[in-house]
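Structural overview for review
Now for the letters of each chain:
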Amino acid sequence: MGERSDRLDVQVSVGDQVVLVRVAGEVDIATVDAFRSALWSAPARPVLQLELSELRLLSAAGVRTLLAAHLRIRARGGELVLVDPSPVVARVLRATGLHRVMPILEPGRVVEAARRPVVATAHLQLAA
């Protein structure tokens, strides 16, 4: 399952507790719809891991999509976890403050995070 264009490749792997979404290429105004579509269509699981090691660009539109996905997943009691962001993406996450909002894991800690229970402490409601 996935979305592919010349500038963006999104692959989705579904497990019992975790959905892994691998994103490669660029998320900008031209590709953000495909990125959003992949996140919104991912099956509901306690954890959605977003693997970003091959993402070369994350624009403001991509940042907004990440934040919206984080809120959407938290509202249903799940967790969005960013995994191994590329250096460029890591700078964007720090500059926007998203590194304080969403957990960011190095590749070796992914298995550990997938095994820990997800505890929903608050539910947010998004206006339609």
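These figures come from a predicted structure and were not determined experimentally. (Residues numbered from 1 in each chain as written. Predicted model: local features only at pLDDT ≥ 70, side-chain atom pairs only at ≥ 80, totals over all residues. Heavy atoms only, no water.)

Quick notes on the overall build of the protein chain
Heads up, the rule is: The numbering of helices and of strands both runs from the N terminus, where a helix is a DSSP run of H or I of at least 4 residues and a strand a run of E of at least 2. Each residue is placed in one exposure class: buried if its accessible area under a 1.4 Å probe, protein chains only, is under 20% of its type's maximum, exposed if it is over 50%, and partly exposed if it falls in between. Contacts were defined at the residue level, with two residues in contact if any of their heavy atoms lie within 4.5 Å. To be clear on the numbers: accessible area is Shrake-Rupley with a 1.4 Å probe, and residue cover counts the displayed protein chains and nothing else.
Scanning the protein chain for helices and strands turns up four helices and six strands. For the protein chain, the N- to C-terminal ordering of α and β elements is β-β-β-α-β-α-β-α-β-α. When the 128 residues of the protein chain are sorted by exposure, 43% land in the buried category. Of the contacts formed within the protein chain by residues at least 6 apart in sequence, a portion of 67% connects residues at least 24 apart. Only carbon and sulfur atoms are counted for the fraction: they give 52% of the accessible area of the protein chain, which is about 7100 Å².

Observations regarding the pattern of salt bridges
As a reminder, the rule being used: Here, a salt bridge means any side-chain nitrogen of Lys or Arg that lies within 4 Å of a carboxyl oxygen of Asp or Glu.
This structure, assessed with the given rule, holds four salt bridges. Across the pair Arg7 and Asp28 runs a salt bridge, and its minimum N-O distance is 1.9 Å. Pair noted here: Arg7 is in the loop between strand 1 (2-4) and strand 2 (8-14) and Asp28 is in the loop between strand 3 (18-27) and helix 1 (32-41), with a separation of 21 residues, a long-range link. In this structure Asp28 comes out as buried when scored by relative accessible area, which is 12%. With a closest N to O distance of 2.8 Å, Asp33 and Arg36 form a salt bridge. Of this pair, Asp33 and Arg36 both sit in helix 1, separated by three residues, roughly a single helical turn. Look at Asp33 and you get exposed, because its relative accessible area is 51%.

A closer look at the nonpolar core
Threshold: Buried Ala, Val, Leu, Ile, Met, Phe, Trp, Tyr and Cys residues form a nonpolar core when they are joined through side-chain atoms within 4.5 Å.
Ranked by size, the top nonpolar core spans 29 residues in total, and within it Val21, Val23, Leu50, Leu58, Leu66 and Leu80 carry the most contacts. Put simply, the parts of the chain that give this core at least two residues each are strand 2, strand 3, helix 1, strand 4 (47-58), helix 2 (60-75), strand 5 (79-83) and helix 3 (87-96). If sequence neighbours within four positions are ignored, Leu80 has contacts with Leu48, Leu50, Leu66, Ala69, His70, Ile73, Met102 and Pro103. Grouped together as the second largest cluster of nonpolar side chains are five residues, Val18, Val47, Val81 and Val83 included.

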